[in-house]
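Now for the letters of each chain:
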Amino acid sequence: MTRKLLFATLLVVGALFASASAQEPTDYRWSLYVGGNYTGTNNFADQVGEYIGRDDEGMPEIGFALSGVNGFNVFDLRGHFYNDDNVDLFGTARIADQWKFKLSYRSLEHIKPTDLLANLEVRESLDREGISKGGKMITHEDLDPGSEYGFTRHEIKTEIEFNPRDAGWLKLSAAHRTILEKGDDQTLALMHCATCHIESFAAERDRVSHELSLGATAQNEKGSIGYEFGYRIFKSNAATPEIYYDSAAHPTKEPTAQKGDEFASRLIFEDEDMLVNLIPEVKKMSHALKGRYALGKGTLLARVSATTAKNDHSNLKTTIISGSAKYSVRLSPRASLRAQASGSHRDADEYFVDLPNYRDGRSGGGQDFDYTRYSILTGRRGNAETELTYRPDRRTTLAFLAGYEAEQRDDYPYAGVKQTTNRYIGQLKASYRPSVRVNARLKYRLELTDNPFTNYKGLFERSGQNVPGLVYYYQRDALRTGEITNQPTVAHQADFRLNLRPSPQFSAQVTANVTLETNDDLDSLDYERTVYQPAVSFTYTPRPEWNFFGSASYLFDESNGPVTVAIMDG
């Protein structure tokens, strides 16, 4: 359907082009490419053939290009066929000075490897040797063994621009994009107490999104102002998969099919079919106003937008209002200044979670676990930065940047707490070009962050503490401690680049990137990360028909962090 729509649109544009060009001959240029491709795989093909398919076979490969010029009318068509699921078509046309068209279709196959779930096999040991087995465990099962997963993504885009002949100051635009994804996904379901038993099965993937935008821009010699409306809808046409959830029973008790009342009293549902992996329908609407204005010796750019996204399944809505401004000015023949600022306000609906009473119908307990879920998206974000660029001579360029970022989360880690993260940025860039054969650049950036995002739920249980009698999850949560994050409070980043061109036939590039990150403000452990990445590349062209090139790089990335395994009963 999408290919038919694209071809129909191309025919319409072609008819308009032919009509506008009927009085003059057209200068055509074309090229045709015919070839083939073969993919051979061994062992686990999904691991190496993510975008080239599983088939061990040869395929014809065809490409074409056709362009035409007729006065002020120009068109260009290009296409490439790799295999049945990898096709590219692209077309542009300009008719007089009024109409501009851009059309494209692209399909791409994405092979997704199967998760063998081999890492999900854990059992508690009552001794260090692993001889005495406990009852806490994780097991897994593949309900569709041998299934092949992946999908084909189809994208069709259309862009139209119109400049009225009698209103040269006005430009109208419209664009549409459709994305279709069809195939099969591997879906995981977590049985009863979340991670005791994991099941894998195949589910159909049939997702579609449509995106429409309409805009208008007015301009004169001092600047321009424009408005753009956007609308997007995303949904799944596939049926929501359903799976049977195990009857509640301790995995080491016999018979395993007999549910234990004490165990089942902790669960909301068990021993029934349930829907899993529901894909909601989401609608998004946006309005944007942007402008450009010559202010003094510089140029001011500004933009204000309002966006609303709604989940029709849960009836939850998120609203974002944002704005930005950028001013660039040349202070002198050797110096220029750039200053910019932006900010946004985000508001996401809260959601009331209604849960059954703890140990409903049994003695003890009676805790009420109902709660209101507040979104971490709700809050404000802003940043500002200024960069001064100075050229002391023709060979040297220096740039100094200072910036500040702030983010306030209204309801994290608790409702109404208004937690704020502040980041201070300093950056120095220097480039040196003594001749056309040598060019060197160095950049250093320092970021100091106060109160970065941290998980406050706790990773560990307090040593030496326990609860009497039967242990339930709400009791274990009360024992948890340990703030964790992979966000640094101090970050150093350095980049070096050297370009060499000793002759017209030979060029080389040497680069080196270094990142050092630390955070020693946590209550349980310190976070550190070190990254080194040097690289070298060259290109040698002894004759126009010959080209030799090569590159080598090395990456060292080391960081520390805690690792825990979640198993049944904690």
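See the structure above.
Residues numbered from 1 in each chain as written. Predicted model: local features only at pLDDT ≥ 70, side-chain atom pairs only at ≥ 80, totals over all residues. Heavy atoms only, no water.

(A) Inspection of the pairing of strand S21 (residues 396-409) at higher detail. The pairing of strand S20 (residues 379-390) with S21 spans 12 bridges and is classified as antiparallel. Bridge assignment links Leu388 to a residue of S21, and that residue is Phe400. Counting the residues that bridge the hairpin from S20 to S21 gives five residues. Alignment of S21 against strand S22 (residues 419-435), held across 14 bridges, turns out to be antiparallel. Looking at the pairing, Glu405 lines up with Arg423 of S22. (Pairing = 2+ DSSP bridges. Helix = DSSP H or I, 4+ residues; strand = E, 2+ residues; numbered from the N terminus.)

(B) View of the packing of aromatic side chains. Using the criterion set out here, one finds 12 aromatic pairs in the structure. Aromatic side chains Phe506 and Phe538 sit 6.3 Å apart centroid to centroid with 20 degrees between the ring planes, which places their arrangement in the stacked category. With Phe506 in strand S27 (residues 506-519) and Phe538 in strand S28 (residues 527-540), the pair connects residues that are 32 residues apart, well separated along the chain. Directly above the ring of Phe151 sits Arg205, whose terminal nitrogen or CZ lies 4.0 Å from the centroid. (Phe/Tyr/Trp six-rings, centres within 6.5 Å; stacked < 30°, edge-to-face > 60°. Lys NZ or Arg CZ within 6 Å of the ring centre and 35° of its normal.)

(C) Geometry of the side chain of Ser375. If you trace the backbone, Ser375 turns up in the loop between strand S19 (371-373) and S20. On the basis of relative accessibility, which here comes to 11%, the residue Ser375 falls in the buried class. Each residue touching Ser375, except ones within four places of it in the same chain, is listed here: Ala348 and Asp411. (Buried < 20%, exposed > 50% of the residue type's maximum accessible area, 1.4 Å probe, protein only. Contact = heavy atoms within 4.5 Å.)

(D) Seen up close, the pattern of salt bridges. A complete count under the given rule lists 27 salt bridges for this structure. One salt bridge connects Lys429 with Glu387, and the closest N-O pair in it is separated by 3.8 Å. One end of the pair, Lys429, is in strand S22; the other, Glu387, is in strand S20, with 42 residues separating them in the sequence. According to the relative accessible area criterion, Glu387 is buried, its value standing at 10%. (Salt bridge = Lys/Arg side-chain N within 4 Å of Asp/Glu carboxyl O.)

(E) The arrangement of a positive patch on the surface in detail. Residues Arg94, Lys100, Lys102, Lys171, Lys290 and Arg303 make up a contiguous surface patch of positive charge. Residue placement: Arg303 occurs in strand S15 (residues 298-311). (Patch = residues over 30% accessible without salt bridge, like charges linked within 9 Å, V, L, I, M, F, W, Y side chains within 5 Å. Areas by Shrake-Rupley, 256 points an atom, 1.4 Å probe, with all protein chains shown as cover. Lys, Arg positive; Asp, Glu negative; His and termini not counted. Charge placed at Lys NZ, Arg CZ, Asp CG, Glu CD.)

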